[in-house]
2 protein chains.
Amino acid sequence: MVTLKQLAKELNVSISTVSKALNNSEEIGEETVKRVKELAQLYNYTPNKVALSLKQNKTKTIGVIIPDILNHFLAKVLFGIEREATKRGYNIITCISNESLEKEKEALELLANGSVDGFVLCVAEETQIEGEVNHFKRTIAKGLPIVMFDRVAHDVLCDKVIVDDFDATYRATKSMQLKKRKNIAFISRINDLSVGKLRERGYNKAILEESNQEPLVLNLKKKDDSQQKIKAFFKKHKNIDGVISADSSSGIIAINTALNKGYKVPKDISVIGFASKSVSNHSIPRLSIIRQHANQIGANAADLLINRLEKKFDEEIEFKTKIVKTSLVLSKSTLK
Amino acid sequence: MVTLKQLAKELNVSISTVSKALNNSEEIGEETVKRVKELAQLYNYTPNKVALSLKQNKTKTIGVIIPDILNHFLAKVLFGIEREATKRGYNIITCISNESLEKEKEALELLANGSVDGFVLCVAEETQIEGEVNHFKRTIAKGLPIVMFDRVAHDVLCDKVIVDDFDATYRATKSMQLKKRKNIAFISRINDLSVGKLRERGYNKAILEESNQEPLVLNLKKKDDSQQKIKAFFKKHKNIDGVISADSSSGIIAINTALNKGYKVPKDISVIGFASKSVSNHSIPRLSIIRQHANQIGANAADLLINRLEKKFDEEIEFKTKIVKTSLVLSKSTLK
DNA sequence: GTGAAAGCGCTAACAC
DNA sequence: GTGTTAGCGCTTTCAC
């Protein structure tokens, strides 16, 4: 890489003159500015990022900690974060916690050594189960702001971006009840997560408001064979005429299993699931989905963080919790 | 963050003494080392990464440029890269090119300012279509090594990690022919990519080796409604009894479409697709898949790069092209 | 055994 | 209008 020093030497001026010229300082003569800029252009000079970071004590880099990159929703949020960050001149360093508390702690500590200006993260499953939050608090105490999205730790004071999980399943369930569905089941593979619990509660509320059905819930474990479990579940509960699914796979598998057992979809059974448009293609008829607008969640999270990073020194910003509303997109897996 | 300076002041010694003590230099007295280490521990001192990078002229950071993070295969490779990098003490800065040549160039230039020590990347679709490679060559000329994976630019001299695409579809097609399939179609949504073309060629070769069938290919565009196109394709070619799919969705959609049209799978029609285990769950019976071992591809790519970064100054390493072989995993969507 | 000083690349306050 | 200097946090050579 070319440095100011080299340019200065070649031009027979001082380093600071070159620096000022390139930064359009008023102090420098027109002629000099021109000469400097031309040489800089010629040598393709770009200021060394590391030196700038050291000098200005900020890196313009965001640490992103994601529990699972293979989760389509999380990948999409990452995409939203990256886009917003890039737009505002920030890079992202990505760490994957693999749903492990230990790895989450490590990532936080590793990057808190000056590598990043702040964090955008989604809390790991293990962290949620154990209810651990001290590593978050320590990081914030060090002066590194955190923005949490989707799965959040409620007792940590920071900006948050969440989904209206409770309302989403409540409304989805209600919409099925309106079509006279009487035996609506709830299938989830994310029962351990805060968002999974909220989704179940939304479903429960809708069910309990109608006096003629008890909640009917199938909780799958990560290691379960979903196809088999869902098949057995349908076999056991023959009168199911609706399924709300809390994760992206279960809904698709539910439709395909129902079809496989000879049910007509949506005549005999309606299915709605949290999923993305691309996954909804994996069944015929297409899965009706609860869209989470993952992109927007990511963009919002990055936005909140960058706003905080760039606030004036004396300015105080209150911690915000932004709710990104889901949309219910009905396709042919539900009754019109 | 605590700095050496602060520790030095508090201990009434010089900065260099503190530095040496923490780095276990022989020069420093036992007693001093102890005092220094204790205080460092107490204050949770960690060396400032940025200062270290500036001093040592390397960042221990890898730039990763991915065309599309929502592509499950690419996300999995990213996972592999991250894991290997973390294991070897490197961070990754991720940029998403969105299949755009322009964004790929930008990312490369943006990070070539001292932010990273080298790149792991997958060539964007637009870059492949236009056959542009100068930005890669420029980057390498600047002293930043590149490792390409999956989609590679053959006329750039660098390390590469690829899949045996040609062989994979050749073998998959052959395996169907062995089961007496006579009308095997090929469906692809990635016809524009180098890997897509290789996969089609592997299929073609197998088909042309048998004299009784002409290749039957359906190329889908990104914006196409795959369900509809595949349905129409089946309608037009009623005698199809096998499908090889080049991307992860088409295989699933092919099975579901076939079932929807009343075909029995695998009795009437066999399907094999490039896909991951989790996606193979989205049909009943499960899709038989060509596994690409994305994790390993990522790990290998990171490995090649880091080896090159850490080679001794005078050591020359030849450019390697590593082929990660696919595995054909047959499930019940193909005949036993 | 400890410290002073230089230097990585850059900016900015302060001379001249 | 241009240059000198200090300093961001760190390592390392060289004095003492």
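Residues numbered from 1 in each chain as written. Chains lettered and ligands numbered in written order. Predicted model: local features only at pLDDT ≥ 70, side-chain atom pairs only at ≥ 80, totals over all residues. Heavy atoms only, no water.

With that out of the way, let us pick up the overall build of chain A. Assigned secondary structure in chain A consists of 14 helices and 12 strands. Against the compact-globule benchmark of 20 Å for 336 residues, chain A has a radius of gyration of 26 Å, which places it well outside the compact range. In terms of principal-axis extent, the alpha carbons of chain A reach across some 85 × 40 × 35 Å. In chain A, which comprises 336 residues, the proportion classed as buried is 55%. Counting only carbon and sulfur atoms, one obtains 50% of the accessible surface of chain A, whose full area is about 15,700 Å². Taking the average place of the 54 positive charges on the side chains of chain A and the average place of its 41 negative ones, the gap between the two points comes to 7 Å. (Helix = DSSP H or I, 4+ residues; strand = E, 2+ residues; numbered from the N terminus. Rg over C-alpha atoms; globule rule 2.2 N^0.38 Å. Buried < 20%, exposed > 50% of the residue type's maximum accessible area, 1.4 Å probe, protein only. Areas by Shrake-Rupley, 256 points an atom, 1.4 Å probe, with all protein chains shown as cover. Lys, Arg positive; Asp, Glu negative; His and termini not counted. Charge placed at Lys NZ, Arg CZ, Asp CG, Glu CD.)

All right, on to the protein's contact with DNA strand D then. Around DNA strand D sit 25 residues in total, of which S16(A), T17(A), K20(A), K55(A) and L4(B) are the nearest. A breakdown of the atoms of DNA strand D within 4 Å of the protein gives sugar and phosphate a share of 57%. At a separation of 2.9 Å, a phosphate oxygen of DNA strand D approaches a polar backbone atom of G29(A). Going through the elements one at a time, α2 (15-22) and α4 (49-56) of chain A together with α1 (4-11), α2 (15-22) and α4 (49-56) of chain B are the ones with two or more residues in the surface near DNA strand D. Here the surface near DNA strand D takes four residues from α2(B), the largest share from any one element. Considering only residue class, the surface near DNA strand D consists of nine nonpolar, 10 polar and six charged. (Near = heavy atom within 4 Å. Polar contact = N/O pair within 3.5 Å; in protein donor to acceptor, adjacent residues only side chain to side chain. Nonpolar A, V, L, I, M, F, W, Y, C, P; charged D, E, K, R; others polar.)

All right, on to the interface of chain B and chain A then. With 47 residues of chain B at the contact, the number on the chain A side is 47 residues. Of the roughly 4,300 Å² buried between chain B and chain A on both sides combined, carbon and sulfur atoms contribute 59%. If you sort the residues of chain B by the area they bury against chain A, Q227(B), H282(B) and I284(B) come out on top, with a joint share of 16%. Where chain B packs against chain A, one counts two salt bridges. With a shortest N-O distance of 2.8 Å, R286(A) and D225(B) are connected by a salt bridge. (Contact = heavy atoms within 4.5 Å. Buried area = accessible area lost by both parts, 1.4 Å probe. Salt bridge = Lys/Arg side-chain N within 4 Å of Asp/Glu carboxyl O.)

All right, on to the protein's contact with DNA strand C then. The environment of DNA strand C is formed by 26 residues, the closest being L4(A), Y45(A), T17(B), K20(B) and K55(B). A share of 62% is what sugar and phosphate atoms reach among the atoms of DNA strand C within 4 Å of the protein. One nitrogen or oxygen atom from the main chain of L4(A) is found 2.7 Å from a phosphate oxygen belonging to DNA strand C. K20(A) places a polar side-chain atom, nitrogen or oxygen, 3.2 Å from a base nitrogen of DNA strand C. At the level of secondary structure, the elements contributing two or more residues to the surface near DNA strand C comprise α1 (4-11), α2 and α4 of chain A together with α2 and α4 of chain B.

Because the α-helix completes a turn every 3.6 residues, residues three or four places apart line up on one side. Residues and elements named next belong to chain A. When helix α8 (residues 134-141) is considered as a whole, its buried residues turn out to be H135, F136 and T139. With its buried residues spanning 105 degrees around the axis, α8 presents them on a single face. Looking at the packing, one finds that the buried side of α8 touches α6 (101-111), β3 (118-121), α7 (125-130) and β4 (146-149). Just past α8, the residue G143 takes up positive phi, approximately 100 degrees. (Arc of directions from axis to C-beta.)

When chain B is fitted to chain A, the residual RMSD is 0.1 Å, and the transformation amounts to a turn of 180 degrees plus an axial shift of 0.0 Å. Expressed as an axis order, the relation between the two copies is that of a two-fold axis. Minimal C-alpha distance to the rotation axis in chain B is attained by I93(B), lying at 2.2 Å. Both copies contact each other with a shared surface, as 100% of the interface residues of chain B are interface residues in chain A too. (Least-squares fit on C-alpha atoms with pLDDT ≥ 70 in both.)

This part is about the UniProt feature "domain: HTH lacI-type" (unreviewed entry) in chain A. Using the residue numbers shown here, the UniProt feature "domain: HTH lacI-type" (unreviewed entry) corresponds to residues 2-56 of chain A. With 67% helix and 0% strand, the stretch residues 2-56 of chain A has end C-alpha atoms that lie 20 Å from each other. (UniProt positions renumbered as here; feature names shortened; annotations may be inferred.)

The subject of this paragraph is the packing of aromatic side chains. Evaluated as defined, the whole model comprises four aromatic pairs over all chains. Ring centres of F234(A) and Y263(A) lie 6.1 Å apart, and the angle between their planes is 20 degrees; on these two criteria the pair is classed as stacked. One end of the pair, F234(A), is in helix α11 (residues 226-236); the other, Y263(A), is in the loop between α12 (248-260) and β9 (270-274), with 29 residues separating them in the sequence. A residue is classified by how much of its surface remains accessible, and Y263(A), at 17% relative accessible area, is buried. The residue whose ring lies beneath R199(B) is F274(B), and the NZ or CZ to ring-centre distance is 3.6 Å. (Phe/Tyr/Trp six-rings, centres within 6.5 Å; stacked < 30°, edge-to-face > 60°. Lys NZ or Arg CZ within 6 Å of the ring centre and 35° of its normal.)

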